[in-house]
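This is what each chain is made of:
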Amino acid sequence: MTVVKTALLSFGMSGKVFHAPFLAAHKSFHLLGAWERTKQLISGEYPGTRSYKSLEDVLTDPQVDLVVVNTPTSTHADFATKALQASKHVVVEKAFTTNTLEAILLSKLAAERGLKLSVFHNRRYDSDFRTVKKILADQRVGEVTEVLIAYERYNPVLSPKLHRETPGPGAGNLMDLGPHCIDQALVLFGIPETVFADVRSCRQGSLVDD
């Protein structure tokens, strides 16, 4: 059995909650470590793992087969490009990139080098979504004319993470929770014929879309 040796590009909430536990539990993966910029925490939670000091340390480690790009969205295209150029397979957190051209170029680079490139859409495996998907597949309801996919949460406080609240590519809720809703719609119903969006800033002091 091939074991995929994997490194994370951060060990914040994303690394701790959405990636490391599953990589550590799955027999086909081996968690090597994470790039940690300030605090070295991963080895305390996963003995035997390594805290990488830089992206270069990750990409030059011959043991690394797969790189998980779980950093702010604005960095995804750059970090994924460098990982592919270093002959590493890549999984990128949502949102995949900040624009279509970046996505096309990444896909082309991966294909040229014969490498795996994927997006981490973990919400496809939520029990509520899987239930809806099965009900539709089993044709247990009639013609579907309207669907609401939403994350109902009231949080008026600005995030302490600057990359979330500073205007720029990848900032805002459309690029944070939005990809989950959009991806689930695509999985259930395929590519849309038209798209309409109403995007707003609602929180007091917010400079990005909410």
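Residues numbered from 1 in each chain as written. Predicted model: local features only at pLDDT ≥ 70, side-chain atom pairs only at ≥ 80, totals over all residues. Heavy atoms only, no water.

It is worth spelling out the pattern of salt bridges at this point. Per the stated rule, a full pass over the model turns up 10 salt bridges. When the shortest N-O distance is used, the salt bridge between Asp-176 and Lys-94 registers 3.0 Å. Linking Asp-176 in the loop between helix H7 (162–165) and helix H8 (178–189) with Lys-94 in the loop between strand E5 (89–93) and helix H5 (100–113), this pair joins segments that are 82 residues apart in sequence. In this structure, Asp-176 and Lys-94 share a single accessibility class: buried. Salt-bridge contacts for Asp-176 lead to Arg-164; the nearest nitrogen and oxygen are separated by 2.8 Å. Of this pair, Asp-176 sits in the loop between H7 and H8 while Arg-164 sits in helix H7; the two residues are 12 residues apart in sequence, bridging distant segments of the chain. Overall, Asp-176 belongs to the buried group, its relative accessible area being 17%. Relative accessible area serves as the criterion here: at 28%, Arg-164 is assigned to the partly exposed category. One salt-bridge network, held together by shared partners, links Lys-94, Arg-164 and Asp-176. (Salt bridge = Lys/Arg side-chain N within 4 Å of Asp/Glu carboxyl O. Helix = DSSP H or I, 4+ residues; strand = E, 2+ residues; numbered from the N terminus. Buried < 20%, exposed > 50% of the residue type's maximum accessible area, 1.4 Å probe, protein only.)

We now examine a nonpolar patch on the surface. Taken together, the side chains of Leu-174, Ile-182, Leu-186, Ile-191 and Val-199 make up a nonpolar region of the molecular surface, amounting to roughly 470 Å² of accessible area. Note that Val-199 resides in the segment after H8. (Patch = residues over 30% accessible without salt bridge, like charges linked within 9 Å, V, L, I, M, F, W, Y side chains within 5 Å. Areas by Shrake-Rupley, 256 points an atom, 1.4 Å probe, with all protein chains shown as cover.)

This brings us to the packing of aromatic side chains. For the structure shown, the criterion picks out two aromatic pairs. Judged by centre distance (6.4 Å) and plane angle (80 degrees), the rings of Phe-11 and Tyr-46 are edge-to-face. Separated by 35 residues along the polypeptide, Phe-11 in the loop between strand E1 (4–8) and helix H1 (13–25) and Tyr-46 in the loop between helix H2 (42–45) and strand E3 (50–52) bring together distant segments of the chain. By relative accessible area, which is 7% here, Phe-11 ends up buried. When the ring centre of Trp-35 is taken as origin, the NZ or CZ atom of Arg-37, which lies over that ring, is 3.7 Å away. (Phe/Tyr/Trp six-rings, centres within 6.5 Å; stacked < 30°, edge-to-face > 60°. Lys NZ or Arg CZ within 6 Å of the ring centre and 35° of its normal.)

What follows covers the sheet that holds E5. Reading across the sheet, the six strands line up as E3-E2-E1-E4-E5-E6 and stay open at both edges, with parallel pairing between neighbours. Among the strands making up the open sheet, the edge pair consists of E3 and strand E6 (117–120). Mean inter-strand twist for the sheet, computed between neighbouring axes without regard to direction, equals 25 degrees. Note that E1 and strand E2 (residues 29–35) share five bridges and pair parallel. (Pairing = 2+ DSSP bridges. Axes fitted to C-alpha atoms, helices over the stretch in contact; angles between N-to-C directions.)

Every other side chain in a regular strand lies on the same face of the sheet, so the side chains alternate between the two faces. Of the two faces of strand E4 (residues 66–69), the one lined by Leu-66 and Val-68 and the one lined by Val-67 and Val-69 are each fully buried. The sheet contact formed by E1 and E4 spans three bridges and is parallel. Bridging across to E4, Leu-8 finds its partner in Val-68.

Moving on, we come to the environment of Phe-11. In this structure, the C-alpha to C-alpha distance between Phe-11 and Trp-35, residues 24 residues apart in sequence, is 7.2 Å. Excluding its chain neighbours within four sequence positions, the residues that come into contact with Phe-11 are Lys-16, Ala-20, Ala-34, Trp-35, Glu-36, Leu-41, Ile-42, Glu-45 and Tyr-46. (Contact = heavy atoms within 4.5 Å.)

What follows deals with the nonpolar core. Core analysis: the biggest nonpolar cluster contains 23 residues, and Leu-9, Val-58, Val-67 and Val-69 have the highest contact counts within it. Elements that contribute at least two residues to this core include exactly E2, helix H3 (55–59), E4, helix H4 (76–85), E5 and H5. In contact with Leu-9, other than residues within four places in its own chain, are Trp-35, Arg-37, Leu-55, Val-58, Val-67, Val-68, Val-69, Asn-70, Thr-71 and Phe-79. Counting 11 residues, the second-largest nonpolar core is a separate cluster that includes Leu-8, Phe-11, Leu-31 and Val-91. (Core = buried A, V, L, I, M, F, W, Y, C linked by side-chain atoms within 4.5 Å.)

Let us look at H1. Here H1 is 13 residues long and its end C-alpha atoms lie 18 Å apart, about the 18 Å a rise of 1.5 Å per residue gives. His-19 marks the point of greatest bend in H1, at about 40 degrees, and the proline Pro-21 comes within the next four residues. Listed as buried for H1 are Ser-14, Gly-15, His-19, Ala-20 and Leu-23. Buried residues along H1 sit against E1, E2, E4, E5 and E6. (Expected span 1.5 Å × (residues − 1). Bend = angle between axes of the 7 residues up to and from the residue.)

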